[in-house]
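Listed here are the chains, written in short residue letters.
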Protein chains: 2
Amino acid sequence: MKVKEFPISAGKLICVLNKIDAEDLGVFPGDRLELINKKNGKNSVAIVDVTNSEVKEKIIGLFEDLISLLKVKSNDFLEVRATPPLKSLDFIKKKMDGEKLNGFELKEIVKDIADNRLNDIEASAFISAVYMKGFDLEETTEITKALINNGQKISFNKEPIVDKHSIGGINGRTTMIIVPIVACAGLFIPKTSSRSITSAGGTADAMEVLAPVDLCFEKIKKITEKHGGVIVHGGAVDLAPADDKIIRIRHPLALDPEGMLIASVIAKKASVSSKYVVIDLPVGPYAKIKDKNNAIKMAKKFVQVGKEVGMEIDAVITNGEEPSGLAFGPALEAKYVMEILEGKRFDNLAQKSCELAGAIFELANLTGLGKGYDMAVDILHSGKALEKMKDIIHAQGGKIDSSIKIILSPLNKEIKAKENGVIQSFNLKDLTTIARISGAPANKLSGVMLNKVEGEKVFKGDVIMTIFAENKQKLESALDYTIKNTPYHFKRIILSSVRDSD
Amino acid sequence: MKVKEFPISAGKLICVLNKIDAEDLGVFPGDRLELINKKNGKNSVAIVDVTNSEVKEKIIGLFEDLISLLKVKSNDFLEVRATPPLKSLDFIKKKMDGEKLNGFELKEIVKDIADNRLNDIEASAFISAVYMKGFDLEETTEITKALINNGQKISFNKEPIVDKHSIGGINGRTTMIIVPIVACAGLFIPKTSSRSITSAGGTADAMEVLAPVDLCFEKIKKITEKHGGVIVHGGAVDLAPADDKIIRIRHPLALDPEGMLIASVIAKKASVSSKYVVIDLPVGPYAKIKDKNNAIKMAKKFVQVGKEVGMEIDAVITNGEEPSGLAFGPALEAKYVMEILEGKRFDNLAQKSCELAGAIFELANLTGLGKGYDMAVDILHSGKALEKMKDIIHAQGGKIDSSIKIILSPLNKEIKAKENGVIQSFNLKDLTTIARISGAPANKLSGVMLNKVEGEKVFKGDVIMTIFAENKQKLESALDYTIKNTPYHFKRIILSSVRDSD
């Protein structure tokens, strides 16, 4: 068939057929075809879209992605073949019917997802099946291996490679404190982080205030080997393509099947050759995991699956009930972290970071059990972690290397207490929403800064929090939301009352 | 934002944003936005695609579907707003977690599917959840009502309106025999049929050999009221848009959750105002339902759900073990049906058609219990059904009104017996595959005709079946497949033997 170019990237391998040709080939929208460029031997599977008008008979419309993959242009000829049914579809159906999948079957599914052979409907059915039927330990291990083998791997000439990962849901940039501390101790930590999906900012967003984070493969390797650590955006290096595609499918319904989550985290760590990994599982009403017993069960699985792929894991359950640090939004978080490294603050975020760094030290046998925390605190207090962070910032190409250099939005508003009392709790979900309304994370200068901590005594007129906004309109919206959904609560003695009229 | 047109129909409501704008709006690929054309008040929800290059900042790319919906053109301005999270997503998650959904929740989901607010990932998660968690009778009834209320309805000035529906998996064009018989008896049967998805041809494909089947709303009404029946392609009239979209999602994994199937069939019947409906549930190794007990359970649900929406249903379990008639492929099937109406044949297809027509007569109280079959056979033998079929063909705009006018492919090949014996069975799946390889249903003249029936004595050299193919290459492929997968089996006395070497 003759090619017609559509100069649009669909992010998927889509070809457009005339209705008559589709009928001839016996394919429906969403079905697959094999396309072969006989001139150069390039071939690809494509997902079919059907039209009545945009392409005529005997013409095949190709989006950018296929054009560049097959190296064709308009009016070139392509051979078009029906593909045999994918085996992975049978395996997905099998999982839907509640049966266990073996390594071969999971490998086929992962391969077909990575190569875009499964369409969204099919991939979503797979994730839904895993969510509803679950993965046992063996299946979790097998899909972890499949994800690892389907991606790339950065190998380092130094060792040991260590890493840490927090299962989201909680604010706080521990990574930016842990990486310099750990690097000071002679370990190597090539930390890839994500941008925010639903929060006020991810680690990659906050680090980007200080230095570029979209680093290539080679630079990550070079800086880690020289300085002991990097803090980069994982999305910039295509280390686990299948996993990235699975995450895209998980996103709309926020489906986090435990087995998939474990596999995804461990595969990402394996792709940077990590040997010792600390997994942070925060438990709390606003965290992903609400219940401690579930966290412990999950922690055990992390350790076991890690072992199967040659990784030593310490999965720690952490208190995720209160905000971790006081900042919400990229620049506020970056400034806050730098102040901790500069010795201007030491709070629950600093403490958590030192505890996690300490766990890494103990796991990597740098110190005895129970002594890691002190070692981390010593490094932090010595000022060496700050120097190391500056080295990393400069190596990544950044210039903002101290808290006073960080600019916040000049458009801000303080929220003051209307009574005397003690702050019982902050609502993390509301704080995140306010930060997002104010412009974070897309606008890095915006967000929310708390001026009080939980349990702190407050007098009427005291500033409880400050909102930094991108523009006037966003500031007003954020204030409006704050008034309607007070994100903090005072301690009360009378919890409720019953009166006659009730 | 400024509009840029992409002159391609995506079949979905997709808008393309620059990565920077997407970040600003806080949306990811697959998320939704509300688009408002302030000039004419038109608005629509659109699903977001993100690009680095094809559209610049502050530009929004729109595919044909949105262009015509919003009535905009390139360089027009659109207001773009984030949409609040869809409630239906919570309901889908609820079903995934095994909870029962109520009428309101199902209505929301159906509405969001019909209006393209749910993307493929989300809709697939819903169908997967229904497949894995099931629908109870109440949920099935509620989603049936939601589908009915979301579509259009053809109302007739005549009554009673009757209908029949076969749950697929088996060949045989009973519809084309039942409709004229039933119409002769003074009932009204506006039959909408489908084209083939996985078989050698659907009823719409076979009827199209005789007359046009893509009729509009008004013509269906007029012909049914005048002649008592039509046989048209249901896809041509958009009676149940939500159902059509759900079927598209069900197709790739062939997911047929029972509750969805029942709801889909009953909603389609309700959309043509049917009062008395016979549902044919074939049971057999190649039919959709393999087990009689399951068929009975399903039949009971059909009756109950029908009752809830004011429809009287007789759900009959039929023998689906052997081919129903001898033809596979549109023209062969059309010819075969006309020969039955002309009185040249009376076999298991004719019998099944008369039994089902009889069931309709009894359901509509035209005759007493047990007397419907004889009444149908009388009408068929009288020649009145043939005359009625000619009227319907002419009314639909067709000219081919007798079996001898139907042309078959001149390129055909007989398959002969290599030994004497008795045919024990045909493999329906293989026969379908051979017919499809030979060119059916896209090429209407192609297919397979059996020259023997199950249980028939065969002598060496007798013709067992004939393959009619679109071209030489397809004929060779079909022959090749036939030789490799003998689609018929002779009776054997020795079923298996155990020898020393085993």
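Residues numbered from 1 in each chain as written. Chains lettered and ligands numbered in written order. Predicted model: local features only at pLDDT ≥ 70, side-chain atom pairs only at ≥ 80, totals over all residues. Heavy atoms only, no water.

## Concerning the environment of I167 of chain A
Residues and elements named next belong to chain A. Following the sequence through the fold, I167 ends up in the loop between β7 (162-166) and α7 (175-184). A residue is classified by how much of its surface remains accessible, and I167, at 3% relative accessible area, is buried. A C-alpha to C-alpha distance of 49 Å links I167 and K2, two positions 165 residues apart in sequence. (Helix = DSSP H or I, 4+ residues; strand = E, 2+ residues; numbered from the N terminus. Buried < 20%, exposed > 50% of the residue type's maximum accessible area, 1.4 Å probe, protein only.)

## Thoughts on the nonpolar core
Ranked by internal contacts, the top residues of the largest apolar core, which has 104 residues, are F126 and F302 of chain A together with F126 and F302 of chain B. If sequence neighbours within four positions are ignored, F302 of chain B has contacts with I167, I262, V265, I266, I279, L281, I313 and A315 of chain B. (Core = buried A, V, L, I, M, F, W, Y, C linked by side-chain atoms within 4.5 Å. Contact = heavy atoms within 4.5 Å.)

## A look at the packing of aromatic side chains
The full count for this structure, using the stated rule, is 7 aromatic pairs over all chains. Aromatic side chains Y488 of chain A and F490 of chain A sit 6.1 Å apart centroid to centroid with 70° between the ring planes, which places their arrangement in the edge-to-face category. Of the two residues, Y488 of chain A and F490 of chain A, neither departs from the other in class, the shared state being buried. Pairing F126 of chain B with F135 of chain B gives two aromatic rings, centres 6.4 Å apart and planes at 55°, and the pair type is tilted. (Phe/Tyr/Trp six-rings, centres within 6.5 Å; stacked < 30°, edge-to-face > 60°.)

## Notes on the environment of L363 of chain B
All names here are of chain B. Along the chain, L363 turns up in helix α14 (residues 348-363). Separated by 86 residues in sequence, L363 and V277 have C-alpha atoms that sit 7.9 Å apart. Once residues within four sequence positions are removed from consideration, L363 is found in contact with Y276, V277, V278, E312, I313 and D314.

## A look at the relation of the copies chain B and chain A
It takes a turn of 180° to lay chain B on chain A, together with a shift of 0.0 Å along the axis; the resulting RMSD is 0.1 Å. Interpreted geometrically, this transformation is the action of a two-fold axis. An overlap of 100% is found between the interface residues of chain B and their copies at the interface of chain A, pointing to a shared contact surface. (Least-squares fit on C-alpha atoms with pLDDT ≥ 70 in both.)

## Some thoughts on the interface of chain B and chain A
On the side of chain A, 41 residues touch chain B, which itself brings 41 residues to the contact. Broken down residue by residue, the surface that chain B buries against chain A is led by I121, M132 and L253 of chain B, which jointly contribute 19%. At the boundary of chain B with chain A, the tally comes to 0 salt bridges. The interface formed by chain B and chain A holds 6 residue pairs in polar contact (both at pLDDT 80 or more) in total. Of all elements in the fold, only α1 (19-25), α3 (87-96), α5 (120-133) and α10 (241-250) of chain B reach the threshold of two or more residues within the side of chain B that touches chain A. When residues in the side of chain B that touches chain A are grouped by element, the largest group, 10 residues, is from α5 of chain B. (Buried area = accessible area lost by both parts, 1.4 Å probe. Salt bridge = Lys/Arg side-chain N within 4 Å of Asp/Glu carboxyl O. Polar contact = N/O pair within 3.5 Å; in protein donor to acceptor, adjacent residues only side chain to side chain.)

## So, the pattern of salt bridges
One pass over the structure, following the stated rule, counts 60 salt bridges over all chains. Here E105 of chain A and K94 of chain A are joined by a salt bridge, their closest N and O atoms 2.7 Å apart. Pair noted here: E105 of chain A is in helix α4 (residues 103-114) and K94 of chain A is in helix α3 (residues 87-96), with a separation of 11 residues, a long-range link. Here E105 of chain A falls in the buried class, since its relative accessible area comes to 8%. Residue R117 of chain B pairs with D112 of chain B through a salt bridge whose shortest N-O separation is 2.7 Å. Taken individually, R117 of chain B and D112 of chain B each receive the classification buried, so the pair is uniform in this respect. Through salt bridges with shared partners, one network takes in K38, E79 and R81 of chain A.

## Focus on the domain arrangement of chain A
Residues and elements named next belong to chain A. For chain A, the assigned domains read domain 1 (2-82), domain 2 (87-134), domain 3 (162-403) and domain 4 (412-490). Each of domain 3 and domain 4 has a C-alpha centre, and these two points are 26 Å apart. Contact with domain 3, which involves 25 residues of that partner, is made by 21 residues of domain 4. Contact between domain 3 and domain 4 buries roughly 1,700 Å² in total, counting both sides, with carbon and sulfur atoms accounting for 70%. Looking only at domain 3, the three residues that lose the most surface to domain 4 are Y286, L326 and F328, adding up to 37% of its buried area. The interface formed by domain 3 and domain 4 includes 1 salt bridge. (Domains from an automatic or database assignment.)

## Overview of α5 of chain B
Each α-helix winds once per 3.6 residues, and so residues spaced three or four apart point in a common direction. Residues and elements named next belong to chain B. Counted at 1.5 Å a residue, the expected span for α5 with its 14 residues is 20 Å, and the 19 Å between its end C-alpha atoms agrees. Buried residues dominate α5, accounting for 12 of its 14 residues. Of the residues making up α5, those classed as buried are D120, I121, E122, A123, S124, A125, F126, I127, S128, A129, V130 and M132. Of the residues flanking the start of α5, the one acting as N-cap is N119, its side-chain oxygen 3.1 Å from the backbone nitrogen of I121. Once α5 ends, the next one or two residues include G134, with phi positive near 75°. (Expected span 1.5 Å × (residues − 1).)

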